[in-house]
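The primary structure of each chain is shown beneath.
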Amino acid sequence: MPRITDEMNGELAALLLRRPTFTYVRSVADGRQSISASTVTDMTFPTKQIDDFENLDTPAFNVATGTYTHPTVLGTQTMSFAAGFDLGGTNLSDTELIIDIVLNGTRLCRQQYGFEGAVITCGATHVAVPADAVVKARAFTTNARELGRTDFNTFFSGWVE
Amino acid sequence: MPIILEGASKQDVVDAWGFRGFVASASSTQAFNNSSGVFEFDTADVDTESAYDTVNFEYVVPASLNGERMQFQLNTRASAGLRHIAVIRKNQGLGSQIDIARMDLGDQGSPFAGPDGMHCFSPAVVVATGDAFSARWFNPGTGNWLTDSIHTFSGRVL
């Protein structure tokens with residue numbers, strides 16, 4: 001649940017009470033993202049679907065890095081995150097795909113599967129997110145691949161509970 | 001207790017503090033046989049808007065939720081051989097049906113010897129009146145089935 005403090009103004013309180021949300025995707029127009037063999041790659045999601053955090057003094061989501069930085073002004077909040085990656089038919093028969101969501105470098109969730117054409121999703125709920133925390137989605141494979149095909153299968157979402 | 005300040009409507013408060021959405025479950029095991037189809041979640045355990053269709057197994061967005069943001073989850077446990085699960089959106093305005101989330105175990109044959117949990121999370125999406133959300137499975141093999149009674153399909157207003 002949102003936590004409202006005396007110091008917050010009405011506009012900020014209204015934002016929190018709407019459970020502020022972001023969803024960014026890698027659209028078909030954005031193309032796929034290359035990931036190198038045996039290297040952890042931070043995924044980027046260039047296209048906005050929803051972002052209630054962007055009108056704060058400092059927008060929370062950086063599309064260049066695919067990173068959500070929890071706004072200082074919101075203080076600690078309980079949040080959920082979800083992410084999905086789509087290999088779009090790329091043959092994975094010789095490798096595995098691992099996806100994580102991490103908060104300040106600590107893994108919140110992981111999904112790991114191999115074989116062909118994988119689409120996998122990963123989610124974490126009831127996460128205490130302190131001010132200025134950095135949350136991102138990342139991928140790993142044992143052989144170089146490209147991720148991302150459809151708008152909704154390759155995505156990164158987060159929201160205040 | 002929270003302090004509610006100016007700028008928040010009564011509806012904002014209701015939305016923020018109360019669960020709105022649904023949780024559906026299946027009352028019986030379902031057999032899959034070299035085909036694909038809808039998960040027959042025929043029981044609405046929670047349904048705050050009375051919007052879950054237990055006959056067609058889909059959540060039909062009511063007018064009261066038009067323009068809201070929702071997130072959907074599908075959790076299941078399958079015998080080896082179930083390849084894909086997905087949350088499907090049938091958008092009334094576009095007349096189209098798309099996956100909004102999918103999990104895929106691969107097409108190379110059964111990679112797992114026994115039942116495995118599969119979880120499918122959708123992004124947060126803005127929903128429109130009449131949109132229908134359902135849970136689907138894709139199974140190219142035969143003799144596969146869901147086991148246990150831990151399967152749920154749920155959605156909530158964010």
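Residues numbered from 1 in each chain as written. Chains lettered and ligands numbered in written order. Predicted model: local features only at pLDDT ≥ 70, side-chain atom pairs only at ≥ 80, totals over all residues. Heavy atoms only, no water.

**Quick word on the pairing of strand S7 (residues 77-86) of chain A**
All names here are of chain A.
At step 1: Burial within S7 is extensive, with nine of its 10 residues counted as buried.
At step 2: In the sheet, S7 pairs with strand S10 (residues 119-129) via nine bridges, with the strands oriented antiparallel. Counted as the bridge partner of Phe85 is Ile120 from S10.
At step 3: Examined bridge by bridge, S7 and strand S13 (residues 155-160) share six bridges and lie antiparallel to one another. Within the sheet, the bridge partner assigned to Ala82 lies in S13 and is Ser157. (Buried < 20%, exposed > 50% of the residue type's maximum accessible area, 1.4 Å probe, protein only. Helix = DSSP H or I, 4+ residues; strand = E, 2+ residues; numbered from the N terminus. Pairing = 2+ DSSP bridges.)

**A closer look at the sheet that holds S10(A)**
Residues and elements named next belong to chain A.
At step 1: The strand order S4-S1-S13-S7-S10 describes an open sheet built from five strands, whose pairing is antiparallel. In the strand order of this sheet, the two ends are held by strand S4 (47-51) and S10, each with one partner. Taken pair by pair, the neighbouring strands of this sheet meet at an average axis angle of 10°, ignoring direction. (Axes fitted to C-alpha atoms, helices over the stretch in contact; angles between N-to-C directions.)

**A few points about the layout of surface pockets**
Residue and element names in this part refer to chain A.
At step 1: Considered as a void within the structure, the largest pocket measures approximately 400 Å³ in volume.
At step 2: The element best represented in the lining of the largest pocket is helix H1 (residues 10-17), accounting for four residues.
At step 3: Classifying every residue of the lining of the largest pocket gives eight nonpolar, six polar and five charged. (1 Å grid on protein atoms, 1.4 Å probe; cavity = no way out; pocket = protein on both sides within 12 Å on 5 of 7 lines; lining within 4 Å. Points joined across faces, edges and corners; volume = space filled by probe spheres on them. Nonpolar A, V, L, I, M, F, W, Y, C, P; charged D, E, K, R; others polar.)

**Some thoughts on the side chain of B:Gln73**
Residues and elements named next belong to chain B.
At step 1: Tracing the backbone shows Gln73 in strand S7 (residues 69-78).
At step 2: Its relative accessible area of 19% is what places Gln73 among the buried residues.
At step 3: Ignoring anything within four residues of it in the chain, the contact list for Gln73 reads Cys120, Phe121, Thr152, Phe153 and Ser154. (Contact = heavy atoms within 4.5 Å.)

**Some remarks on the pattern of salt bridges**
Residue and element names in this part refer to chain A.
At step 1: The tally for this structure, following the rule as stated, stands at nine salt bridges over all chains.
At step 2: Between Asp100 and Arg110 there is a salt bridge whose closest N-O contact spans 2.7 Å. In this pair, Asp100 sits in strand S8 (residues 96-103) while Arg110 sits in strand S9 (residues 106-114), placing the two residues 10 residues apart along the sequence.
At step 3: Linked through salt bridges whose partners overlap, the residues forming this network are Asp100, Arg110 and Arg138. (Salt bridge = Lys/Arg side-chain N within 4 Å of Asp/Glu carboxyl O.)

**Remarks on the state of the cysteines**
At step 1: All chains considered together, the criterion is met by one disulfide over all chains.
At step 2: The side chain of A:Cys109 participates in a disulfide bridge whose partner is A:Cys122; the two sulfur atoms lie 2.3 Å from each other. Judged by the torsion about the S-S bond (135°), the A:Cys109/A:Cys122 disulfide is right-handed. Here A:Cys109 is found in strand S9, whereas its partner A:Cys122 is found in strand S10, with 13 residues between them in sequence. There is no split in this pair, since A:Cys109 and A:Cys122 are both buried.
At step 3: For the unlinked cysteine B:Cys120, the closest cysteine sulfur is that of A:Cys122, found at 12 Å. (Disulfide = S-S within 2.5 Å.)

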